[in-house]
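Chain residues, written in single-letter form:
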Amino acid sequence: MASDASDPAGSSESLLLAIARDLGFKRPPLTLPKECLTEFVLPKGRATCGLVWKHGLGDDEEGWADMLEDNFRVPAACGSCKFVLPRAPRQPSSCNGGDVTTSWFDIADLPISRKSSAPYGCSLEEALSSCGRVHAAIDKLIAEGIPSERIMVGGFSQGGSMAMLSTLTYPKRLGGILVFSGICFFGDLLNKLAQAPHCKELQVFWGHGTRDEVLAADLQDEGVEALQAAGIKVTAKKYAVDHGPTERELKDALAFYVEHLKS
């Protein structure tokens, strides 16, 4: 899985293609059309740090843009933050009866808990293809002058899963991962990915609702165990909510972002 780190866009695509080839997958990495993202800078000015955020199944980025703008205000000491929120492709969703909707990867059925059989009916092939869109968002921030170590990747539900997978498959060191109510369904691949030099000292914030009836809270326990076994440090927090974010979770994630942002 070697890649040319001198070209961020080319090397990330090459890495994804190499992983897909090793697994026998044929889907190419997705691109990021201009109409499939929302971006803004807070506070206004030249951005010196960044956050790439992904929405969940059947959703889009607009509501999350409003939520982050209201609740994820990076302190002035960290400089201005560029937010890039890519939108998932529209494709058939098995857990929604085959309806076409925004989906980073197919899920056979919901709800899912630790008792479900891994990889929980999640399509790794589609997820790896979708990583191309996330990587393009990261490349965009780097091209605008933001060091990769000052970029974090986060998301909710499916988007949280994509935050983990896209960061682990990106060929440069990133600042960290923010996971809200996600699932680590790629355990067989996790250990191999985590051994890459750019993944050393990688840290994750993972928040999850104790009353989550879509992706059960015990999936967080299992995912944290897998990440830690692979050598990745995790800050795990639970909240007395259903499948959704809370103001407290956003504050905790912001504190993690500020603390672990590389100067």
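What you are looking at is a predicted structure, and each value in this text was computed from that prediction instead of being measured.

Thresholds, definitions, all that
- Residues numbered from 1 in each chain as written.
- Predicted model: local features only at pLDDT ≥ 70, side-chain atom pairs only at ≥ 80, totals over all residues.
- Heavy atoms only, no water.
- Phe/Tyr/Trp six-rings, centres within 6.5 Å; stacked < 30°, edge-to-face > 60°.
- Helix = DSSP H or I, 4+ residues; strand = E, 2+ residues; numbered from the N terminus.
- Buried < 20%, exposed > 50% of the residue type's maximum accessible area, 1.4 Å probe, protein only.
- Expected span 1.5 Å × (residues − 1).
- Contact = heavy atoms within 4.5 Å.
- Core = buried A, V, L, I, M, F, W, Y, C linked by side-chain atoms within 4.5 Å.
- pLDDT = per-residue confidence, 0-100.
- Patch = residues over 30% accessible without salt bridge, like charges linked within 9 Å, V, L, I, M, F, W, Y side chains within 5 Å.
- Areas by Shrake-Rupley, 256 points an atom, 1.4 Å probe, with all protein chains shown as cover.
- Salt bridge = Lys/Arg side-chain N within 4 Å of Asp/Glu carboxyl O.
- Lys, Arg positive; Asp, Glu negative; His and termini not counted.
- Charge placed at Lys NZ, Arg CZ, Asp CG, Glu CD.
- Pairing = 2+ DSSP bridges.
- Right-handed = clockwise from strand over helix to strand, strands pointing away.

**Q** So, the packing of aromatic side chains: which residues are in play, and what are the values?
**A** How two aromatic rings sit relative to each other is set out by the distance from centre to centre and by the angle between their planes. According to the stated counting rule, one finds eleven aromatic pairs in the structure shown. Relative to tryptophan 64, the ring of tryptophan 53 has its centre 5.3 Å away and its plane inclined at 45 degrees; by these criteria the two rings are tilted. Separated by eleven residues along the polypeptide, tryptophan 53 in strand 2 (residues 47-54) and tryptophan 64 in helix 2 (residues 62-71) bring together distant segments of the chain. Each member of the pair, tryptophan 53 as well as tryptophan 64, is classed as buried. Ring pairs connect the aromatic residues Trp53, Trp64, Phe156, Phe180, Phe205 and Phe256, which therefore count as one cluster.

**Q** Hey, could you go over helix 7 (residues 247-260) for me, with residue numbers and the actual values?
**A** Its 14 residues give helix 7 an end-to-end C-alpha distance of 20 Å, which sits within 8% of 20 Å, the value for a rise of 1.5 Å per residue. Those residues of helix 7 lying buried are Glu249, Leu250, Asp252, Ala253, Leu254, Phe256, Tyr257 and His260.

**Q** Hey, could you go over helix 3 (residues 124-143) for me, with residue numbers and the actual values?
**A** With 20 residues, helix 3 should reach 28 Å at 1.5 Å per residue; the first-to-last C-alpha distance of 28 Å fits that figure. Glycine 145, located one to two residues past helix 3, shows a positive phi value of around 100 degrees.

**Q** Got a sec to walk through the environment of isoleucine 142? Specific residues and values, please.
**A** Along the chain, isoleucine 142 falls in helix 3. When the C-alpha positions of isoleucine 142 and histidine 208 are compared, they lie 30 Å apart, and in sequence the two are 66 residues distant. With residues up to four places along the chain from it excluded, the contact list for isoleucine 142 reads Ser148, Ile151, Tyr170 and Lys172.

**Q** For the nonpolar core, give the residues involved together with the corresponding values.
**A** Counting 58 residues, the largest nonpolar core has Ile138, Phe185 and Phe186 as the members making the most contacts within it. Take this core: its biggest share by element is nine residues, from helix 3. Ignoring any residue separated from it by four or fewer positions in sequence, one finds isoleucine 138 in contact with Val52, Ile151, Val153, Tyr170 and Leu174. One finds Leu42, Trp64, Phe180 and Phe205 within the second-largest nonpolar core, a separate group that totals 26 residues.

**Q** Go over the confidence of the model for the protein, please, and point to the residues and values.
**A** Detailed reading of the predicted model is not advised wherever pLDDT is low. Put simply, the protein has an average pLDDT of 93, and 95% of its residues get 70 or more. Under a pLDDT of 50 for its full length, residues 1-10 has, in the predicted model, 15 contacts with residues more than four places off or in other chains.

**Q** Give a description of a negative patch on the surface that names residues and reports values.
**A** Residues Glu62, Asp66, Glu69 and Asp70 make up a contiguous surface patch of negative charge. Structurally, the position occupied by glutamate 69 is in helix 2.

**Q** With reference to specific residues and values, describe unusual backbone geometry.
**A** Leucine 42 connects to proline 43 through a cis peptide bond whose omega is -15 degrees. Cis rather than trans, the peptide bond between leucine 110 and proline 111 has omega equal to 5 degrees. Relative to the helices and strands, proline 111 resides in the loop between strand 5 (99-102) and helix 3. Phi is positive for serine 157, which is not a glycine, with a value near 60 degrees. Structurally, the position occupied by serine 157 is in the loop between strand 6 (151-156) and helix 4 (158-168). Residue serine 157 is classed as buried on the basis of its relative accessible area, which comes to 8%. Here the phi dihedral of glutamate 201 falls at roughly 65 degrees; this positive angle occurs in a residue that is not glycine. Glutamate 201 sits in the exposed class, given a relative accessible area of 60%.

**Q** Give a description of the pattern of salt bridges that names residues and reports values.
**A** Taken as a whole, this structure holds twelve salt bridges when the rule is applied. Lysine 238 is the partner of aspartate 221 in a salt bridge, and the nearest nitrogen-oxygen pair spans 2.6 Å. Here lysine 238 lies in strand 9 (residues 233-239) and aspartate 221 lies in helix 6 (residues 217-229), a separation of 17 residues in the sequence. Residue aspartate 221 is classed as partly exposed on the basis of its relative accessible area, which comes to 31%. Connected through shared salt-bridge partners, Glu39, Lys82, Lys140 and Glu144 make up one network.

**Q** Give a detailed account of the pairing of strand 4 (residues 90-93), specifying residues and quantitative values.
**A** Relative to strand 5, strand 4 runs antiparallel, the two being bridged by four bridges. Across the sheet, the residue bridging to arginine 90 is threonine 102, located in strand 5. Between strand 4 and strand 5, which pair antiparallel and follow one another directly, the connecting turn spans five residues, one of which, glycine 97, has a positive phi of 70 degrees.

**Q** Residue-level account of the pairing of strand 8 (residues 203-209), with values.
**A** Buried residues dominate strand 8, accounting for six of its seven residues. Here strand 7 (residues 176-180) runs beside strand 8; their pairing, made up of four bridges, is parallel. Within strand 8, the residue paired with leucine 178 across the bridge is phenylalanine 205. Regarding topology, helix 5 (residues 187-194) serves as the crossover connection from strand 7 to the parallel strand 8, and that connection is right-handed. Handedness of the strand 8-helix 6-strand 9 crossover: right-handed.

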